[in-house]
Amino acid sequence: FTFLYADLHAHMIAMPLILFAAIFVFNELMLAKNDRRAGWMQFLALGLGAVSVGMSKAVNTWDWPTLMILSVSGLGYAWWLASRKFSRESLLMLLLRVGGFIALTMLVVLPYDLWYATAFNELLPWEGGKTRLWSYLTIHGLFLLLVAALLLWDTARWLRNVYVRELRGKANWLAVGLVAAGVLGMIALYAYLGGDRMVIVALPMIAWIAVLFFRPGQSRAMQFVLVLVGLSLSITIGVEFFVLSGDNGRQNMVFKFYIQVWLFLSVAAGAALAWLLSGFERWRPMLRNSFFVVVGLLLFVSLLFPIMATRGKNFFRFSHEVPATLNGMTYMEYVDTFAEFPGMTEAISLDTEHATIRWLQEEIEGSPVIIEAQPGRATYQWGGRMTMYTGLPSVLGWDYHQTQQRTLPPMPQFVRQRAANINAFYTATNTNTAARILRHYGVEYVILTHYERSRYAESGGLAKFDAMVEAGMLEVAFAIDEVPMVYRVN
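As a starting point, this report considers the structure included with it.

### Section: a nonpolar patch on the surface
On the surface, a cluster of nonpolar side chains totalling about 470 Å² of accessible area is made up of Phe43, Leu92, Met93, Leu95 and Leu96. Ranked by the residues each element gives to the nonpolar patch, the list is headed by helix H5 (residues 88-108), at 4 residues. The exposure class of Leu95 is exposed, given its relative accessible area of 57%.

Rendered as structure tokens:
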């Protein structure tokens, strides 16, 4: 979705930060106990990691909890690998490294924390529909197959070196393990029968990962990959049971966290494939060929997405005659008119819309405030298009986006008051009322294209514009066929 729509959103901007945080933790783990960096370089590296993780709160807040969990647990484990004991010196180092990391992450984002406030800060139980198993595997299936193959491969390597005689005297531990496996299996089955289908995949894999993480002789690189996968699977379970207050259902809860999961699993699956390929010559031909066929088929199906999704997106174009282009306005040259909502008195002429936008782009200097129509019955509509295409500030953007970023009372009421005043400006028959609204918001240009004319045609307020020009309140700045499209405010 993100790249299909070229959606330069916070979640896209944050992707390099997510991967950098993972690289930072991996680097600290691999250097633990054998770190030859000077002391100042070690703390500089910690500082760089802390800045990246801390600023993720301001870039895309959804990533911050996950990156903090990964970083703090990773640095704590790196400390344990380096010290392997509790002493005054080791505890002081733990305080300096992990405590200093946490303190710096809080410090770098302090201005954001002090000045940003939101009502969307409460986790609530999710009682709506759950993720279907086939949907879960559609999104994560390729990665999970490679991870599962890695777990099998690593388990086989481990068991190959374990002899029955080594299990003597460990009957209690074996019993505990069997009971724990049985309990986890029952929990997964109960969740599956209760509608939480994907738990039947995620929960057993998490338990399997935990066993392999602590197996004797496990490499740090493998432990890091196992943690990435375990954290990812835990997140996918979490979004089945909790939702952030104020979300659209659980749209953002799943969307934002699944991006983290998808990135982490992609790294883990890449490492898994590399490890598996390194030992392929020792696999039986039948097993190796079957693996190649299954993985190749899933990879082929996955790679179809950019092709099929682009084709699907094509069906929603205004016109199929528009050539391939990076110019997001080109479609206006190939579509004459369109009606945004039923009952419009006048269809919107995209020719005139395009010409007006181009005039604003080319002729307006600086950042004067403009006023344009608010959308009618829905949020994502044509209203607000002038400010979107030009970057000029308007009295109000899309209502939902504005209230979403201003959730604490009475800010949503201020947003809706602006929307009401915009509608009042276009529908008012009294020129002085309209002029007061323009002065109040410091408006310098008024938009009155076919969209505004159709949107407010039945109000009787459009007749005042000629009167305002005669009174010297407005002057025509841009017209098409002698029909004013943009007025300049005097």
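### What about the packing of aromatic side chains?
For the structure on display, the rule yields 24 aromatic pairs. Here Trp359 and Phe478 contribute two aromatic rings whose centre-to-centre distance is 5.4 Å and whose plane-to-plane angle is 20 degrees, an arrangement assigned as stacked. Linking Trp359 in helix H13 (residues 350-363) with Phe478 in strand S7 (residues 474-480), this pair joins segments that are 119 residues apart in sequence. For the pair Trp359 and Phe478, one class covers both residues: buried. Each ring, one from Tyr426 and one from Phe465, has its centre 6.3 Å from the other, and the planes form 45 degrees; the classification is tilted.

### Overview of the sheet that holds strand S8 (residues 483-489)
In spatial order, the strands read S5-S6-S8-S7; together these 4 strands make up an open sheet with mixed pairing. The sheet terminates laterally at strand S5 (369-371) and S7, the two strands that pair on one side only. Shown here is a sheet whose adjacent strand axes are inclined to one another by a mean of 25 degrees, direction ignored. Two elements, S5 and strand S6 (residues 443-447), share 3 bridges in a ladder whose sense is parallel. Its bridge partner lying in S6, Val369 is registered against Val443. In the packing of H13 onto the sheet, contacts are made with S6, S7 and S8, and the angle to S7 comes to roughly 125 degrees. Of the strands in this sheet, S5, S6, S7 and S8 are in contact with helix H17 (residues 431-441), which crosses S6 at around 125 degrees.

### Let's talk about the nonpolar core
Core analysis: the largest hydrophobic core is formed by 71 residues, its most contacted members being Val229, Leu233, Phe264 and Phe291. Among the elements that take part in this core, helix H11 (residues 251-278) stands out by supplying 13 residues, more than any other. Among the nonpolar cores identified, the runner-up in size contains 45 residues, and Val322, Phe425, Ile480 and Tyr487 belong to it.

### Remarks on the pattern of salt bridges
Evaluated as defined, the whole model comprises 14 salt bridges. For the salt bridge of Glu28 with Arg37, the shortest nitrogen-to-oxygen distance reads 3.2 Å. Because the salt bridges share partners, they merge into one network encompassing Glu28, Asp35, Arg37 and Arg97.

Conventions used here
- Residues numbered from 1 in each chain as written.
- Predicted model: local features only at pLDDT ≥ 70, side-chain atom pairs only at ≥ 80, totals over all residues.
- Heavy atoms only, no water.
- Patch = residues over 30% accessible without salt bridge, like charges linked within 9 Å, V, L, I, M, F, W, Y side chains within 5 Å.
- Areas by Shrake-Rupley, 256 points an atom, 1.4 Å probe, with all protein chains shown as cover.
- Salt bridge = Lys/Arg side-chain N within 4 Å of Asp/Glu carboxyl O.
- Helix = DSSP H or I, 4+ residues; strand = E, 2+ residues; numbered from the N terminus.
- Buried < 20%, exposed > 50% of the residue type's maximum accessible area, 1.4 Å probe, protein only.
- Phe/Tyr/Trp six-rings, centres within 6.5 Å; stacked < 30°, edge-to-face > 60°.
- Pairing = 2+ DSSP bridges.
- Axes fitted to C-alpha atoms, helices over the stretch in contact; angles between N-to-C directions.
- Contact = heavy atoms within 4.5 Å.
- Core = buried A, V, L, I, M, F, W, Y, C linked by side-chain atoms within 4.5 Å.

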